[in-house]
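Secondary and tertiary structure notes
Residues per chain, in single letters:
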Amino acid sequence: MFLIFGIKRIGHKKVGYGKDYCNSCQNEAVVERYRWFSWIHIFFIPLIPVGYYSHTRCTICTNDPNAKVRTSLWQKVLFLMVIAGLNWVLYQDGLLDDLSYGLAIKLLAMLMLLGCGYWIYRGRADVSKKERRKQLTPVDQKICMMCEGEVVVAKKTHCSRCKLEVF
Ligand SMILES: [Zn+2]
Ligand SMILES: [Zn+2]
């Protein structure tokens, strides 16, 4: 006998919407938040509760607005060190001197090193997500975007008609 089991999502629904900066498409976008409850099912019968999960989706590109799309600084520095090491090896006396295209390889390696340095330098100007969030124009706090019901501004701002949270 074989066992069929896995994760079953129950009550998957939209619970809110709001403005955010989307990392995936790099736009200021309306994002939707979904929430569901996960169960481990055996033969499609939910048996073990796992917990609540939520997911945010960008309405422009449908991807995760918090997705990690940028290379982090330490990854760039690591890359720079690898290229610097490569340069050091290539510029050793005699290694490439017998090759007719040895000089071209050396120059290419040097260009890669410079390019990488510039890449790190440019990255300093990148605005953090936190900064971008401060600049967002908020969504309408009076009329619900989804159902045109009245929005109630409270600790947890929500629409009085469709109950979606507005953030
Ligand atoms: Zn997007
Ligand atoms: Zn509504």
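Residues numbered from 1 in each chain as written. Chains lettered and ligands numbered in written order. Predicted model: local features only at pLDDT ≥ 70, side-chain atom pairs only at ≥ 80, totals over all residues.

**What to know about the overall build of the protein chain**
As a reminder of what qualifies: Helix and strand definitions here come from DSSP, where helices need a minimum of 4 consecutive H or I residues and strands a minimum of 2 consecutive E residues; each element is numbered from the N-terminal end. Based on C-alpha atoms, the radius of gyration is set beside the globule rule, defined as 2.2 Å times the residue count to the power 0.38. What counts as a contact here is a pair of residues whose C-beta atoms, placed from the backbone, lie within 7 Å.
Secondary structure assignment for the protein chain yields 3 helices and 6 strands. The order of α-helices and β-strands along the protein chain, N terminus first, is β-β-β-α-α-α-β-β-β. For 167 residues, the compact-globule estimate of 2.2 N^0.38 gives 15 Å, and the C-alpha radius of gyration of the protein chain, at 26 Å, exceeds that figure by more than 25%. If you line up the protein chain on its principal axes, its C-alpha atoms span 75 × 55 × 25 Å. Restricting the contact set of the protein chain to residue pairs at least 6 apart, pairs at least 24 apart contribute 51%.

**Here's the deal with the nonpolar core**
Applied cut-off: We define a nonpolar core as a collection of buried residues of the types Ala, Val, Leu, Ile, Met, Phe, Trp, Tyr and Cys that are connected via C-beta atoms lying within 7 Å of each other. Working definition of burial: number of other C-beta atoms within 10 Å of the residue's own, with buried at 20 or more, exposed at 12 or fewer, and partly exposed in between, all C-beta atoms being placed from the backbone.
Judged by nonpolar contacts, Y17, Y21, C22, A29, V31, C58, C144, V151, C159, L164 and V166 together constitute the single largest core of 11 residues. The set of elements that each furnish at least two residues to this core consists of β1 (5–22) and β2 (27–42). Among the elements that take part in this core, β1 stands out by supplying 3 residues, more than any other.

**Remarks on the packing of helix α1 (residues 73–90) against helix α2 (residues 102–123)**
Helix-helix packing: each pair is described by the crossing angle between the helix axes and the interaxial distance. Definition in use: Throughout, an axis means a line fitted to C-alpha atoms (over the contacting stretch in the case of helices), and angles, computed between N-to-C directions, take values from 0 to 180 degrees. Relative orientations are named as follows: roughly parallel for angles under 35 degrees, roughly antiparallel for angles over 145 degrees, roughly perpendicular for angles from 65 to 115 degrees, and oblique for any other angle. Crossing handedness is read from the near helix: turned anticlockwise from the far helix by less than a right angle, it gives a left-handed crossing, and turned clockwise, a right-handed one.
As a packed pair, α1 and α2 sit with axes 9 Å apart at the nearest point and diverge in direction by 160 degrees. Taken as axis vectors, α1 and α2 run roughly antiparallel relative to one another. Seen from above, α1 lies across α2 with left-handed handedness. Residues L73, K76, V77, F79, L80, I83, A84, L86, N87 and L90 of α1 form the contact with α2, whose participating residues are I105, K106, A109, M110, M112, L113, C116, G117, W119, I120 and G123.

**Brief notes about the confidence of the model for the protein chain**
Interpretation of this model should avoid reading the predicted coordinates in detail wherever pLDDT is low. Test applied: Summary of the metric used: pLDDT quantifies the predictor's per-residue confidence within the range 0 to 100.
A residue-level look at the protein chain finds 99% of positions with pLDDT of 70 or above and a mean pLDDT of 91. Within the protein chain, the lowest mean pLDDT, 88, falls on helix α3 (residues 129–134), and the highest, 96, falls on strand β5 (residues 158–159).

**Thoughts on the environment of K130**
Topologically, K130 is positioned in helix α3. Owing to 8 C-beta atoms within 10 Å, K130 belongs among the exposed residues under this scheme. Remark: the alpha-carbon pair of K130 and Y21, spanning 109 residues in sequence, is separated by 9.3 Å.

**Notes on the pairing of β2**
What counts here: Two strands make a pair as long as DSSP finds a minimum of two bridges between them.
As defined by bridge partners, β1 adjoins β2 across 15 bridges and the pair is classed as antiparallel. Looking at the pairing, F5 lines up with I42 of β2. Counted along the chain from β1 to the antiparallel partner β2, the turn is 4 residues long, and its residue Q26 has a positive phi close to 55 degrees. Taken together, the 12 bridges between β2 and strand β3 (residues 45–58) define a ladder with antiparallel strand orientation. From the neighbouring strand, W39 faces β3, where its bridge partner is P49. The hairpin formed by β2 and β3 contains 2 residues between the paired strands, and F43 there has a positive phi angle of roughly 55 degrees.

**Focus: unusual backbone geometry**
Negative phi values dominate among residues other than glycine, just as trans dominates among peptide bonds. Even without being glycine, F44 reaches a positive phi, approximately 65 degrees. As for its placement among the helices and strands, F44 is situated in the loop between β2 and β3. Even without glycine at this site, K163 takes up a positive phi of about 70 degrees.

**Topic: α1**
Cut-off, in case you're wondering: A helix is expected to reach a length of 1.5 Å times the quantity of its residues less one.
Across its 18 residues, α1 extends 26 Å between first and last C-alpha, which sits within 8% of the 26 Å expected from 1.5 Å per residue. For α1, the tally of buried residues reaches only 0 of 18 residues, placing the bulk of the element at the surface.

**A short note on the environment of L107**
Tracing the backbone through its elements, the reader meets L107 in helix α2. C-alpha separation for the pair L107 and W119, spaced 12 residues apart in sequence, amounts to 18 Å.

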